[in-house]
Amino acid sequence: MAFTEVEKAEWHRAKRQREAERPTKASEPLAECIICHQSFGSGEGHWATDYPICNACDSD
């Protein structure tokens, strides 16, 4: 069964509202970069061997 135009409009309105309410930061800090000493969260860096490194320093 297909959605009506009213249901589609309501779904899009609710989606926009959910997205507007999201926090701007991806996540809470999980580690501190060994090079620049900036905290980073999930998806903003990784553990290289035995130390954390942020995406900005990893690309240098």
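For the structure itself, look to the data block above.
Residues numbered from 1 in each chain as written. Predicted model: local features only at pLDDT ≥ 70, side-chain atom pairs only at ≥ 80, totals over all residues. Heavy atoms only, no water.

Chemist: For the nonpolar core, give the residues involved together with the corresponding values.
Modeler: Grouped together as the largest cluster of nonpolar side chains are seven residues: Ala 31, Cys 33, Phe 40, Ala 48, Ile 53, Cys 54 and Cys 57. Ignoring any residue separated from it by four or fewer positions in sequence, one finds Phe 40 in contact with Glu 28, Pro 29, Leu 30, Ala 31, Glu 32, Cys 33, Gly 45, His 46, Pro 52, Ile 53 and Cys 54. (Core = buried A, V, L, I, M, F, W, Y, C linked by side-chain atoms within 4.5 Å. Buried < 20%, exposed > 50% of the residue type's maximum accessible area, 1.4 Å probe, protein only. Contact = heavy atoms within 4.5 Å.)

Chemist: Just give me the short version of the environment of Gly 41, but keep the residues and values in it.
Modeler: Tracing the chain through its elements places Gly 41 in the loop between strand E2 (39-40) and strand E3 (45-48). A relative accessible area of 2% means that Gly 41 is categorised as buried. When the C-alpha positions of Gly 41 and Ala 31 are compared, they lie 6.8 Å apart, and in sequence the two are ten residues distant. (Helix = DSSP H or I, 4+ residues; strand = E, 2+ residues; numbered from the N terminus.)

Chemist: Mind laying out the pairing of strand E4 (residues 51-54), listing which residues take part and the relevant values?
Modeler: Sheet analysis places E3 next to E4, joined by four bridges and oriented antiparallel. In the sheet register, Trp 47 faces E4, and the bridge partner there is Pro 52. (Pairing = 2+ DSSP bridges.)

Chemist: Give a detailed account of the state of the cysteines, specifying residues and quantitative values.
Modeler: Counted under the stated rule, the structure contains zero disulfides. Its sulfur unpaired, Cys 54 is 3.6 Å from the next cysteine sulfur, which belongs to Cys 57. (Disulfide = S-S within 2.5 Å.)

Chemist: Which residues make up a nonpolar patch on the surface, and what values do they have?
Modeler: Residues Ile 34, Ile 35 and Tyr 51 make up a contiguous nonpolar surface patch of about 290 Å² in total accessible area. Note on placement: Ile 34 falls in the loop between strand E1 (31-32) and E2. A residue is classified by how much of its surface remains accessible, and Ile 34, at 46% relative accessible area, is partly exposed. (Patch = residues over 30% accessible without salt bridge, like charges linked within 9 Å, V, L, I, M, F, W, Y side chains within 5 Å. Areas by Shrake-Rupley, 256 points an atom, 1.4 Å probe, with all protein chains shown as cover. Salt bridge = Lys/Arg side-chain N within 4 Å of Asp/Glu carboxyl O.)

Chemist: Give me unusual backbone geometry: which residues, what numbers.
Modeler: Unusually for a residue other than glycine, His 37 sits at a positive phi of about 65 degrees. The residue His 37 is located in the loop between E1 and E2 in this model.

Purely geometric stuff here, so don't read any function into it on its own.
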